[in-house]
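Tertiary structure, described
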Amino acid sequence: AAKRLKMKKLFRLSPEHHGGAGVGTASLLFAWQPRGNFLATVGKNSVVHIWDRHGEAIQDGDIMLKGQGPVLCLEWDSSGETLAILQEGNGVVELWDIKSRSATPLDTNLKDPSFLKWSTSGPELAIGTNKGNLLLYNADDRRKVPVLGKHPKRITCGAWSSRGKLAMGSEDRTMTISDREGNTEDQRELKHPALEMCFAMGKTGKIGRSHAETHLSVNMGASLLLYDLSEPDNPLELAFQSKYGRIVKHCWFDDGHIMLGFSEGFLVVISTLLKEIGEELYSARFHHTILKDISYSPQLKFAACAGDGGVKIVDFSKGFDMVKKPEEVKLTGTEGGYERCSKTGWSPDGQILTVASTAGSVHGYLAKMQIVHSTYKTQVAYLSSLKEVSVVDVRGGTSTTKVPLRLEAKSIALGETHVAAIVNSRVGFHRCLPDDCSQVGAPDGEEYGGRVDAVALNNRYAAVLAVGRVTLHEIESASSSKQGPRGLTAKVFPENSSSPHRGSNSNRPTAISALALTDHFLFYGSTNGTVDVFMLDSWTMLEGAALHHSTPITALYPNATGTRLVVVDEACDGFVGNPVSGELTPFPLFPQGVSKVMWDSAPESSGLLYAWDGRDIHTYVYAPCSVKGAMLSKLGAVEIGSRGEITVTPQSLPLTGNNAPIAALRGEITCQDSNGNLVVEAAPHLKPPPDPAAALRFNFTSSLLQLDLKGAWSAARQLNGRAYWYALSYKAMELMDVRLASRVYRELGDAGMVMGLERLVDVEDVKLLAGHMALLYDDYAKAQDLFLSSSRPRSALEMRMDLLHWNEALKLAQTLSPTEVPEISVEYARQLEFKGEFSAALKMFEQALALLQAPNTNVARSEVLLGSSVGGVARCTLRCGDLRRGLRIVGEANDANLCLECARILEAMESVAETEAATLYEKGGQFDKAAAIYVKSAKNLPSASAIIDKVHTPKLLGEYAARCEKENMFEDAVKAYDRANDSDSVVRLCLSQLNRPEKAFDIVRSTSSSTGARLVAHYCKQQGNFRGAIEFLLLATCTEDAFQLAKAHECMDVFTKSLGDGIGSTQAASVAAYYEGLHQLGNAGHFYSLCGQYARALKLFLQCGDKELERAIEVVGKARNDMLTHTLIDFLMGETDGKPKEAVHIYRLYLALGNYTQAAKTAVIIARQEQDLGNYKQAHSILFENIKQLEDHKVRVPQSLRRPFTLLHSYVLTRSLGKRGDNHGVASMLLRVAESISKFPSDKVPILTSAVIASSQAGLKASALEYAMQLMRPEYRTHINPKFKRKIEGLVRKPKDSAKEDEPTPLSPCPISGLLIPDTSLECPTTKDAIPMCVVTGRHIVADDCCLCPKSGMPASYSHYLKYIEHESQTGEAKDPVTSSPVSAAELVKCTKDEVQAIITAHNMPDIKEPEDPASPGKNR
């Protein structure tokens, strides 16, 4: 907010000037000149003093009055040239002229004058008397018009209107309104005598008010009369509360408001709007004893209320509802005491409050400083008092320098060490150093021969604009030598002219209208629109740096270095000028009525400009270098789209209060407020919002608009949104900051843009770089212009060539690269040819060909380019209809590709040149195309036959074959049909024309063509080959015909064999009925099962007895019907025929029904039976098959099935281990079997014998002795093979000490617990889980050396399996130890740890424990 107004004491006119102390209220008067330059005062000594606005007496300004009575009135005329003085009892009115400084007496011939008033719009002076007479005096022609008897009594008051109407009031309680001649136009009676009156414009509430008065207000002391000039018969009298007292004074102000001061100290404001007339807008009591006077300053909207206690200043600038506590002004006397107020008033400009006291003194207070200031770089000078300038550096850190002035400056100018004060045609120069503020030159300043319009200073020179000329001189030598640098005379511009010169294009004189000065340059603008530049260092004009404009220049604002210059013209348009290039960049949306433009003084913000239109600040940013060249943008509200689109809504924002901007630094504007004080505030567009999140986004957008890309980068990293990265990339590209743009696109992950920009990093030519940027924005015209003006104009040609803009490229190549004209002509011709503009294309091809074939040229000749030109001429010639020339060119070119191109052109002409097109296709190697044209006509069939072997298109081959068949060329037709894969046509010709049925049969069998099959079936029936006819009818899907034929000729086996498993249910039922009728029950049951009639099929199978049991089981498995299942079981158990069937059939039944648990139990029973009979291989096979069945169906295998398989497989392995010489392995397996010897009842003795022999050989003496002793039992001893009996008896009779223990068994890690256990142990010592057995060695598997047998799927040791295969391969083919299927090392795959764990888990399925074999001796191995 603006600082509260503080009254500054300006002067005090002592009572000595007014006749001493105790002058009295009525005898001390003062009056301000309308211009505000002079103040007239008079006291009881009847001496009128004229003072200047600083309270200093002017020369010859004392007026000695001849009369002795007190002065009743001091009145200045409307022009401020004449002061009229009315003295009591003196009929002579003194008229004092300000120019001559002398008084002229005006003899009125009236006695006791009481009233005096000058017209507000004319030269008339009205003088009234105590008798009611009136004298009108015209100051222009000095004519007097006496009007006697205007009022019968004393005229007390009066007022003039702007239209020359005079209103007067008298003690006779009447009011008159007269014209300029004194003629009474209206007269009204009043309730009370009028004390004062005034004309004013009332409040109407309408828009567009005029300036003519509408009302006359009359103060009658007790009330106020409002006299409407448009309705004189309806005056309105306003009465107020009695507590207010009498009305002392009233005045009109603002929009039809009236301010009234009451004797009891009240100040009241009312409105003259009719509907508000009875309402008090404001009322307050400021004096408790008495109110003497009120006055109002319309400039400040301040009211002064004088009374006891001093003067109260009431601020109405913010409305009547926002009035704060008034400021009190005490009148200080000479001895420190306070004086009482008697009268108050404001200077016309509202700056000075004047107060008269009862002590006879007049006080002046400076209430409003004139807004006068100037800048030099970061220094600011402003008028801190009427005759004082303060200089301060806005960067801070230095104290304020106060420079006293001899004159009251209308404007000032600031240099590095000087201040200039301008008053009319004079300029006073003062030093502004901390220790030296003396004046330079003449005491009254330098005279420049006319009104000074502008002054500019730098560190050495002063430039003064006066009367259309600029005078440039040194400041310190301004009053003496008038010498420039190095002794040169001070210059006047225009040079060698004492008056404004005339422009070359105008008859009116050309005057200098604006100037600006920097440390090195003087700029001045003229009314002809030219801005000239004078260089101070070399003291010369820079002709090449002048800026040329079409409109007169009104203001210039250079930046600190003078490299850029803001130019404002008479049309209120603004530009930024570049003196180097002469370019003028216009301001967008430049405001009308701009009074100041400022450059930001901070180097980092040097592109910011601020334009002030008297109310709002318009902020711009200037970019000297961008893709668009120099660029000016107006700041405002910013929106960032989702894809980074930057939308700026230009705005102008007001400064705080009535602040006037002076200078800008880093986005902060130093202003002078309405009190003349300096304040600093942030530029409106650069004020961040209070919310932190919004402030961060504002920081990004603000940095972006100010072209502070580093700041925008930092903000974008914090925001980290793709929209912000996109926006920053657009701005970086616009400003051609390649490195930053590359970094931004790297953040966006756009590798293509990063690579493209990296190629531009080292481009130093601004025009060239801008061209590349414009190219990225698809602005090809601008890119071309920039490329052509750069150091590498060839880039424009390359761009057009890359864009395939061949027409533009051809024009550029004529001057930039003539050697490339043929190539570009060819490309352009190709483009024209593609568009169908063949004539123009032919012209371009011929032009290129001519250049390529011309001798003594610098054109780069290329065989490829020459061939392209020739080909283009040939193609376009044919397209234009000149076939003969075109074919000749094609023939001479001898180019296969050209032949094909021209062939396509000729083919498109249809019947015009088909044969020629075929010939060209043939030359070009497109035999399919050529043959297609040849085949159309029979006369060209030989030509087609000549190339048909090179044709591969089935459709074309078919057309050729049809043509050959039509011409009875059947062999050629068959070959062509065969190559065209038209087997039906081949079959047709073989049967009908060539008599080759066997070939037709083979073709149909291989292709299964239904059409061919019908043809062959028809042929077979004709030939009596019914079996063949049935076969081919089925191939033709004529199933019913085939069935009837098979039934009729007893060929049903052919029918069923041909259909196989694909027979349908209907056909199967028919076949089944057929076989049943022939009493072939097995076949009938089979086909009944295929058609789903399972009960009938089972019945027929069972009637066949044992030979169809497998089929019966299969049918029951499919049917899954309990009744059929029980029927079959009854048959198997012998309840049907009294003959129980083998258990294996029950096992097969369980498998077919999916009852794998029962199947497993049955398999164990069967295997036990086979094992008991000594059929170990058969038992082994049954167990393995059942294990695989369960595993294939994802059913866990019970241990009751695995244990017997492990035992049998251990016995089977003994032979394989023996072949490999693994005695210990053989012994271990036999000992494992011997432990369950009861499971091998038919071979107990041989197995135990083998165990004893193998254990002895393997060093397992204790185990050998154990089983040898078991053999010595009576039931076994007699059955021992005599070959080994003596040896076994010897072991038992004479056991050695070493036989007490076996040799240590090899250990290996348990795959479950990891503990070392005997390698033949199949149980984990920790968890008691079963360990899978290796099917190659019989040992337990190891976790890191395991695989699955590729044939059986059983686990095995990977390394031992490899050794097994290697050993077996030496004597023959290696076979799987479980299934005896061939196996190779390449099929083995080592298992992972997870796979091994899965094998172990599947191996340990919970199972019902079986009772141990009581006959099993020894330990669990």
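Up top is the structure.
A word on the overall build of the chain. Tallying secondary structure elements over the chain gives 41 helices and 72 strands in all. Taken over the C-alpha trace, the chain has a radius of gyration of 63 Å; the compact-globule value for 1421 residues is 35 Å, which it surpasses by more than 25%. Here the chain holds 1421 residues, and 51% of them are scored as buried. Accessible surface, the chain as shown: approximately 66500 Å² in total, 49% of it carbon and sulfur.

The next subject is the sheet that holds strand β37 (residues 388-393). Spatially, the four strands line up as an open sheet ordered β35-β36-β37-β38, and their pairing is antiparallel. Unpaired on one side and paired on the other, β35 (373-376) and β38 (401-404) mark the two borders of the sheet. Neighbour to neighbour, the strand axes of the sheet diverge by 25 degrees on average, direction disregarded. By the bridge criterion, four bridges tie β37 to β38 in an arrangement that is antiparallel. Residue Glu388 lies in a different strand from β38, and its bridge partner there is Pro404.

In the structure shown here, the tally under the stated rule is 48 salt bridges. Residues Arg53 and Glu408 are paired through a salt bridge, measuring 2.9 Å at the closest nitrogen-oxygen approach. Note that Arg53 is positioned in the loop between β4 (47-52) and β5 (57-64) and Glu408 in the loop between β38 and β39 (411-414), a separation of 355 residues in sequence. The residues Arg53 and Glu408 share a single accessibility class, namely buried. For Arg1005, the salt bridge identified is with Asp1002, shortest N-O distance 3.8 Å. On the criterion of helical spacing, the pair formed by Arg1005 and Asp1002 is a turn pair, its members being three residues apart in helix α21 (residues 997-1007).

The probe, sized like a water molecule, is rolled over the atoms to show the empty space still left. One pass over the structure, following the stated rule, counts two cavities of 30 Å³ or more. Taken as a whole, the largest cavity encloses approximately 100 Å³ of empty space. Broken down by element, the lining of the largest cavity gets its largest block of residues, three residues, from helix α34 (residues 1199-1219). Residue classes in the lining of the largest cavity are distributed as seven nonpolar, two polar and one charged. For the second largest cavity, the calculated volume is near 40 Å³. Along its surface, the second largest cavity is lined by Arg406, Leu407, Ala421, Val423, Gly428, His430, Gln439 and Pro443. Looking at the lining of the second largest cavity, the elements with two or more residues in it are β40 (418-423) and β41 (426-431). Counted by class, the lining of the second largest cavity contains four nonpolar, three polar and one charged residues.

So, on to the sheet that holds strand β26 (residues 291-297). Read from one edge to the other, the open sheet built from four strands follows the order β26-β27-β28-β29, with strand pairing classed as antiparallel. Two strands close off the open sheet at either side, each with one partner strand: β26 and β29 (327-329). Across this sheet, the average inter-strand angle for adjacent strands is 20 degrees, counted without regard to direction. Here strand β27 (residues 302-307) runs beside strand β28 (residues 310-315); their pairing, made up of six bridges, is antiparallel. If you follow Ala306 over to β28, its bridge partner there is Val311.

This part is about the pairing of strand β45 (residues 461-466). Taking burial as the measure, the six residues of β45 include six buried ones, the bulk of the element. Of the two faces of β45, the one holding Tyr461, Ala463 and Leu465 and the one holding Ala462, Val464 and Ala466 are both buried throughout. Alignment of strand β44 (residues 452-457) against β45, held across five bridges, turns out to be antiparallel. Residue Ala454 lies in a different strand from β45, and its bridge partner there is Leu465. Connecting the antiparallel pair β44 and β45 is a turn made up of three residues. Where β45 lies against strand β46 (residues 469-474), six bridges are found, and the strand directions are antiparallel. Considered in β46, the bridge of Ala463 is made with Leu472. A loop of two residues connects β45 with β46, the two strands running antiparallel in sequence, and Val467 in this loop sits at a positive phi of about 55 degrees.

As a further point, take the side chain of Ser425. Among the structural elements, Ser425 can be located in the loop between β40 and β41. Classification of Ser425 by relative accessible area gives buried; the value is 18%. A polar atom in the side chain of Ser425 sits 2.8 Å from the side chain of Glu447. In this structure Ser425 touches Glu446, Glu447, Tyr448, Gly450, Arg451 and Val452, once residues within four positions along its chain are discounted.

The next subject is the packing of helix α1 (residues 692-705) against helix α3 (residues 722-734). One way to put it is that α1 packs onto α3 with a least axis distance of 11 Å and a crossing angle of 15 degrees. When the interaxial angle is binned, α1 and α3 end up roughly parallel. Taken as a pair, α1 and α3 cross one another with a handedness that is left-handed. On the side of α1, the interface is formed by Arg697, Phe700 and Leu704, while α3 contributes Tyr724, Ala727, Leu728 and Lys731. Of the residues belonging to the contact of α1 with α3, the class tally is five nonpolar, no polar and two charged.

A word on the state of the cysteines. Counted under the stated rule, the structure contains zero disulfides. Between Cys157, a cysteine without a disulfide, and Cys198, which holds the nearest cysteine sulfur, the sulfur-to-sulfur distance is 9.9 Å. Overall, the relative accessible area of 6% leaves Cys157 in the buried class. Unpaired in terms of disulfides, Cys432 finds its nearest cysteine sulfur in Cys437, a separation of 7.3 Å.

Let us now look at helix α2 (residues 709-719). Because each turn of an α-helix spans 3.6 residues, side chains separated by three or four positions end up pointing in the same direction. Burial in α2 covers these residues: Leu709, Gly711, Ala712, Trp713, Ala715 and Ala716. Here the buried face of α2 lies against α1, α3 and α4 (738-748). Two residues or fewer past α2, Asn720 is found with a positive phi of approximately 50 degrees.

Within this structure, the stated rule accounts for 26 aromatic pairs. With a centroid separation of 5.4 Å and an interplanar angle of 65 degrees, the aromatic rings of Phe316 and Phe320 are classed as edge-to-face. For the residue pair Phe316 and Phe320, the accessibility class agrees, reading buried in each case. The structure contains a cluster of three or more aromatic residues connected by ring pairs, namely Phe253, Tyr282, Tyr296, Phe316 and Phe320. Above the plane of the ring of Tyr338 lies Lys330, whose end atom (NZ or CZ) is 5.5 Å from the centre. Taking the ring centre of Trp713 as reference, the NZ or CZ of Arg743 above it sits at 4.0 Å.

Another aspect to go through is the nonpolar core. Formed by 178 residues in total, the largest nonpolar core has its most connected members in Phe700, Leu728 and Leu1128. For this core, the leading source of residues is α3, giving eight residues. Setting aside chain neighbours within four positions, we find Leu728 in contact with Phe700, Leu704, Leu709, Ala712, Trp713, Ala716, Leu740 and Val744. Core analysis: the next-biggest nonpolar cluster, separate from the first, contains 62 residues, Ile1166, Leu1231, Ala1251 and Cys1347 among them.

Cut-offs used in this document
Residues numbered from 1 in each chain as written. Predicted model: local features only at pLDDT ≥ 70, side-chain atom pairs only at ≥ 80, totals over all residues. Heavy atoms only, no water. Helix = DSSP H or I, 4+ residues; strand = E, 2+ residues; numbered from the N terminus. Rg over C-alpha atoms; globule rule 2.2 N^0.38 Å. Buried < 20%, exposed > 50% of the residue type's maximum accessible area, 1.4 Å probe, protein only. Areas by Shrake-Rupley, 256 points an atom, 1.4 Å probe, with all protein chains shown as cover. Pairing = 2+ DSSP bridges. Axes fitted to C-alpha atoms, helices over the stretch in contact; angles between N-to-C directions. Salt bridge = Lys/Arg side-chain N within 4 Å of Asp/Glu carboxyl O. 1 Å grid on protein atoms, 1.4 Å probe; cavity = no way out; pocket = protein on both sides within 12 Å on 5 of 7 lines; lining within 4 Å. Points joined across faces, edges and corners; volume = space filled by probe spheres on them. Nonpolar A, V, L, I, M, F, W, Y, C, P; charged D, E, K, R; others polar. Polar contact = N/O pair within 3.5 Å; in protein donor to acceptor, adjacent residues only side chain to side chain. Contact = heavy atoms within 4.5 Å. Parallel < 35°, antiparallel > 145°, perpendicular 65-115°, else oblique. Left-handed = near helix turned anticlockwise from the far one by under 90°. Disulfide = S-S within 2.5 Å. Phe/Tyr/Trp six-rings, centres within 6.5 Å; stacked < 30°, edge-to-face > 60°. Lys NZ or Arg CZ within 6 Å of the ring centre and 35° of its normal. Core = buried A, V, L, I, M, F, W, Y, C linked by side-chain atoms within 4.5 Å.

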